[in-house]
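# Structural characterization, general
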Amino acid sequence: LDNFSEETLICSWCHTVFNFTPYQQVVYRRKGWTEPSRCPDCRQKAREGEPFKVEIYNARGEIVGYAYRRGNRTDRYDLAMNPIGHTYHHGNRSEHFEASGRKKGTTLHRGNQSEYRNLKGELVWRSYHYKGYSEHYGVNGEFIGRSRY
């Protein structure tokens, strides 16, 4: 344990900061696992098969839809629960699709920030992730909306 120090990680699902203790690091290394990408609460939800629910709000604070994540897939719905698209998550990269299956763009995640780019590679919006919510801004810095976990 002397060779390890406590690490602070950010959950890839809820963006909560959590600690990865020296003891946990030893256990993970012995089992050949990489460091956890999800906090203990989100790992428990995943084990139980419970979807991770996100509420989606527009810039006026009105709820406009929901997203449910299971494993590496997130499905997005409007308020009437009609499918509007889905996302596949691969480490620090997510690929977004319309309900029809047509690809829309890609998000790259870096710590508590993300950048969404369209198929031409143009920046469309940035997200900043905090405990329990994310805020989304356009390329000119205008506030687009918020997601609450």
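Criteria and cut-off values
- Residues numbered from 1 in each chain as written.
- Predicted model: local features only at pLDDT ≥ 70, side-chain atom pairs only at ≥ 80, totals over all residues.
- Heavy atoms only, no water.
- Salt bridge = Lys/Arg side-chain N within 4 Å of Asp/Glu carboxyl O.
- Helix = DSSP H or I, 4+ residues; strand = E, 2+ residues; numbered from the N terminus.
- Pairing = 2+ DSSP bridges.
- Axes fitted to C-alpha atoms, helices over the stretch in contact; angles between N-to-C directions.
- Buried < 20%, exposed > 50% of the residue type's maximum accessible area, 1.4 Å probe, protein only.
- Phe/Tyr/Trp six-rings, centres within 6.5 Å; stacked < 30°, edge-to-face > 60°.

### A word on the pattern of salt bridges
- Counting across every chain of the model gives nine salt bridges.
- Of the charged contacts in the structure, one is a salt bridge between E55 and R148, with a shortest N-O distance of 2.4 Å. One end of the pair, E55, is in strand β3 (residues 52-58); the other, R148, is in strand β12 (residues 143-148), and 93 residues separate them in sequence.
- The salt bridge partner of E98 is R102, with a shortest N-O separation of 3.0 Å.

### Describing the sheet that holds strand β10 (residues 123-130)
- Around the barrel, which closes on itself, the ten strands sit in the order β3-β4-β5-β6-β7-β8-β9-β10-β11-β12 with antiparallel pairing between neighbours. Averaged over all pairs of adjacent strands, the angle between strand axes in this sheet comes to 20°, irrespective of strand direction.
- As defined by bridge partners, strand β9 (residues 113-118) adjoins β10 across five bridges and the pair is classed as antiparallel. Looking at β10, one finds that E115 is bridged to R126.

### Section: unusual backbone geometry
- Here the phi dihedral of M81 falls at roughly 65°; this positive angle occurs in a residue that is not glycine.
- M81 sits in the partly exposed class, given a relative accessible area of 37%.

### A closer look at the packing of aromatic side chains
- In the structure shown here, the tally under the stated rule is eight aromatic pairs.
- Between F20 and Y28 the ring centres are 5.2 Å apart and the planes differ by 85°, which places this aromatic pair in the edge-to-face class. Comparing F20 with Y28 shows no difference in burial state: the two are buried.
- Aromatic side chains Y88 and F97 sit 5.9 Å apart centroid to centroid with 75° between the ring planes, which places their arrangement in the edge-to-face category.
- A relative accessible area of 28% places Y88 in the partly exposed class.
- One aromatic cluster is present, built from ring pairs that chain together F20, Y28 and W33.

### Remarks on the pairing of β9
- The pairing of strand β8 (residues 103-110) with β9 spans six bridges and is antiparallel. Each residue of the ladder has a partner; that of R110, found in β9, is Q113.
- The hairpin formed by β8 and β9 contains two residues between the paired strands, and G111 there has a positive phi angle of roughly 60°.
- The loop that links β9 with its antiparallel partner β10 comprises four residues; one of these, G121, has a positive phi angle of about 85°.

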